[in-house]
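Each chain, letter by letter, is given below.
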Amino acid sequence: MDMSFDFQPVYPHHDLLVELGQVEMAIDGLSEREDSERDVLQPNLESRMQSLLDALDHLAV
């Protein structure tokens, strides 16, 4: 009986979800930052979030 499992297709999906959660937490934490710092960080975080969401949409699960 072959007991080997191929979890390889699951890893990219899981990794994207983990990173998406990290970006969401970073965005939530922006309110604690100075306005000037927030103005620099927010566009980059939102862009990264959109990239992650696009990657999830195109990933075959």
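One can find the structure itself at the top, above this paragraph.
Residues numbered from 1 in each chain as written. Predicted model: local features only at pLDDT ≥ 70, side-chain atom pairs only at ≥ 80, totals over all residues. Heavy atoms only, no water.

### Observations concerning the nonpolar core
Core analysis: the biggest nonpolar cluster contains eight residues, these being Leu16, Leu20, Val23, Leu30, Leu45, Met49, Leu52 and Leu56. Elements represented by at least two residues in this core include exactly helix H1 (10-28) and helix H2 (35-58). Here this core gets four residues from one element, more than from any other, and that element is H2. In contact with Val23, not counting residues within four places along its chain, are Leu45, Arg48, Met49 and Leu52. (Core = buried A, V, L, I, M, F, W, Y, C linked by side-chain atoms within 4.5 Å. Buried < 20%, exposed > 50% of the residue type's maximum accessible area, 1.4 Å probe, protein only. Helix = DSSP H or I, 4+ residues; strand = E, 2+ residues; numbered from the N terminus. Contact = heavy atoms within 4.5 Å.)

### Considerations on H2
Between its first and last C-alpha atoms H2 spans 35 Å; for 24 residues at 1.5 Å apiece the expected length is 34 Å, and the two agree. Taking the largest bend as the criterion, H2 deviates by roughly 30 degrees, centred on Leu41, and proline Pro43 comes between one and four positions later. If you check which residues of H2 are buried, you get Leu45, Met49, Leu52 and Leu56. (Expected span 1.5 Å × (residues − 1). Bend = angle between axes of the 7 residues up to and from the residue.)

### A word on the environment of His58
Looking at where His58 falls in the secondary structure, it is placed in helix H2. Overall, His58 belongs to the exposed group, its relative accessible area being 70%.

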